[in-house]
Amino acid sequence: MSGAEEPLGRGRLVLVTATAPEQRGALAVALQARLDRAVVVDGDALEHAVVAPADRAGWSRPPTGPMLRMRLLRWSAALAVAETYQLEGFDAVVAEDALGDGLEDFLDLAAPEPVHVVVVRGGADPATPHWGLWVDGDRPADAVADDVLTRLSDARVVTADQP
């Protein structure tokens, strides 16, 4: 093909997880604004597109089978959208509820993709593995995003054996 553009490298996958949807969303948007080519994938928005408001009660302890299936569907959809953009050279910043045991489950779905994991500490489930970069959410999202980008390599979690 004549005149075809040089293909861009694959973009990075960044997971921002926090207890409050507004907090993870604000941090994801602040990160996206600081990256050259990036997209925000909001798990809440994906779920709201298919689930009636009355059915969005969140997790119960323990979650029911239908709740787990919906969560896996939501995460799979977020990762599929993210990969679509990554293949075109965009960094994908996924704002998602993946605290507690959910972090390992989310990373299992992302495997073998390395994921830059950013966990906002405030109110995080104590069962959340201490993987990636943990940040305080008591500062403005812009300030936290600046810190995350200077330490992004500390956030990288390898999800599978690398050759």
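Refer to the structure printed above.
Residues numbered from 1 in each chain as written. Predicted model: local features only at pLDDT ≥ 70, side-chain atom pairs only at ≥ 80, totals over all residues. Heavy atoms only, no water.

## Digging into the nonpolar core
Phase 1 of the analysis: Residues Leu13, Leu15, Val94, Phe106, Leu107, Val115 and Val117 are the most contacted members of the largest nonpolar core, which totals 22 residues.
Phase 2 of the analysis: One finds Val14, Leu31, Val93 and Leu133 within the second-largest nonpolar core, a separate group that totals 20 residues. (Core = buried A, V, L, I, M, F, W, Y, C linked by side-chain atoms within 4.5 Å. Buried < 20%, exposed > 50% of the residue type's maximum accessible area, 1.4 Å probe, protein only.)

## Here we look at the environment of Val144
Phase 1 of the analysis: Within the secondary structure, Val144 is located in helix H5 (residues 141-150).
Phase 2 of the analysis: In this structure the C-alpha to C-alpha distance between Val144 and Leu31, which are 113 residues apart in sequence, comes to 8.8 Å. (Helix = DSSP H or I, 4+ residues; strand = E, 2+ residues; numbered from the N terminus.)

## So, the pairing of strand E4 (residues 115-120)
Phase 1 of the analysis: Across the six residues of E4, six count as buried, placing the element largely inside the fold.
Phase 2 of the analysis: Neither face of E4 is left uncovered, since the one carrying Val115, Val117 and Val119 and the one carrying His116, Val118 and Val120 both have all their residues buried.
Phase 3 of the analysis: The sheet contact formed by strand E1 (residues 13-17) and E4 spans four bridges and is parallel. Across the sheet, residue Leu15 finds its bridge partner in E4, namely Val117.
Phase 4 of the analysis: Here E4 runs beside strand E6 (residues 156-157); their pairing, made up of two bridges, is antiparallel. If you follow His116 over to E6, its bridge partner there is Arg156. (Pairing = 2+ DSSP bridges.)

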